[in-house]
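Geometric and topological summary
Here's the letter readout for the chains.
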Amino acid sequence: MLDLNITLVFQLVNFFIALFVLNILLIRPIRTIIKKRNGIMDDMAGEADSFEARAAERLANYEAALARARQDAGLAREEGRALGTAEQQNIVGEAQKNAREILAETRDALHGQAEASLRELRNQVSNFSARLADRLIKN
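Attention here is on the structure that accompanies the text.

What counts and how
By convention here, each chain's residues receive numbers from 1 onward along its written sequence. This being a predicted model, a pLDDT of at least 70 is required before a residue's local features are given, and a value of 80 or more before pairs of side-chain atoms are given or counted; all residues contribute to the totals for chains, interfaces and linings. Each side-chain value is derived from all of the structure's non-hydrogen atoms; neither hydrogens nor water enter the calculation. Here a strand is any run of E in DSSP of at least two residues, a helix any run of H or I of at least four, and the numbering for each starts at the N terminus. The globule rule used here is 2.2 Å times the number of residues to the 0.38 power, and the radius of gyration it is set against is calculated over C-alpha atoms. Here's how the labels work: a residue is buried when its accessible area is under 20% of the maximum for its type, exposed when over 50%, partly exposed in between, all with a 1.4 Å probe on protein chains only. Only the protein chains shown count as cover for residues, with accessible areas throughout obtained via the Shrake-Rupley method and a probe of 1.4 Å. Side-chain rings of Phe, Tyr and Trp, where Trp is taken by its six-membered ring, are said to pair if the distance between their centres is within 6.5 Å; with planes under 30 degrees apart they count as stacked, over 60 as edge-to-face, and otherwise as tilted. Working rule for helices: expected span equals 1.5 Å times residues minus one. Fitting axes to the seven residues that end at a residue and to the seven that start at it, the angle between those axes gives the bend at that residue. Salt bridges are defined as contacts in which a side-chain nitrogen from Lys or Arg sits within 4 Å of a carboxyl oxygen from Asp or Glu. Surface patches are drawn from residues lacking salt bridges whose relative accessible area is over 30%; two like charges belong together within 9 Å, two nonpolar side chains (Val, Leu, Ile, Met, Phe, Trp, Tyr) within 5 Å. Counted as positive: Lys and Arg. Counted as negative: Asp and Glu, with His and the chain ends omitted from the count. Just so you know, the charge point we use is NZ for Lys, CZ for Arg, CG for Asp and CD for Glu.

**A closer look at the overall build of the chain**
- Within the chain, the regular secondary structure consists of one helix and zero strands.
- The globule rule puts the C-alpha radius of gyration for 139 residues at 14 Å, and the 58 Å found for the chain is more than 25% above it.
- Projected onto the principal axes, the alpha-carbon positions of the chain cover approximately 190 × 30 × 15 Å.
- Within the span of the chain, comprising 139 residues, buried residues form 1% of the whole.
- Counting only carbon and sulfur atoms, one obtains 61% of the accessible surface of the chain, whose full area is about 13100 Å².

Written out as structure tokens, the structure reads:
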């Protein structure tokens, strides 16, 4: 069985004194170091979160700017196509107008030449008729 005597009291007092000394020399400084490290870790986690939030914001701004640039490029492309189509229609219209003018001039020239040829042939026919009539009369 367990004997309860004075040595037990000395051992308990010795244990509490050792615990008190260890608390002052080891446990309190270790607790303060752990608290400081936890504070530093919390600060670092907060900074990492803020960096991550700023990075996400910058990425969103970049993507928005990229979308605006694509939209502007699409509008510029469509505007260029519209201007090109209008220019093409102008050029084709001018070419058709010139072709009509050339065709009208050519027709007028041909009609003039045809009328001149017809007059000349009529004159020649009357000359041939007169000469033929003279020959017939002379023979």
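**With respect to the packing of aromatic side chains**
- Inspection of the entire model under this criterion finds one aromatic pair.
- Judged by centre distance (5.6 Å) and plane angle (65 degrees), the rings of F15 and F16 are edge-to-face.

**Section: helix α1 (residues 6-138)**
- The terminal C-alpha atoms of α1 lie 189 Å apart, and with 133 residues this matches the ideal 198 Å at 1.5 Å per residue to within 8%.
- Of all bends in α1, the biggest is about 50 degrees, found at N23.

**A short note on the environment of I91**
- By the element assignment, I91 lies in helix α1.
- Sequence separation between I91 and K138 is 47 residues, and the spatial gap between their C-alpha atoms is 69 Å.

**A look at the environment of E63**
- Tracing the backbone through its elements, the reader meets E63 in helix α1.
- Sequence spacing of E63 and N127 is 64 residues, and the spatial spacing of their C-alpha atoms is 94 Å.

**Re the pattern of salt bridges**
- Taken as a whole, this structure holds one salt bridge when the rule is applied.
- Taking the shortest distance from any N to any O, the salt bridge between E78 and R81 comes out at 3.2 Å. Separated by three residues within a single helix, E78 and R81 lie in helix α1, roughly one turn from each other.
- Of the residues examined, E78 reaches a relative accessible area of 44% and is grouped as partly exposed.

**Thoughts on a negative patch on the surface**
- A surface patch of negative charge is lined by E94, E101, E105 and D108.
- Note that E101 resides in helix α1.

**Looking at the environment of V9**
- By secondary structure assignment, the location of V9 is in helix α1.
- Owing to a relative accessible area of 46%, V9 belongs among the partly exposed residues under this scheme.

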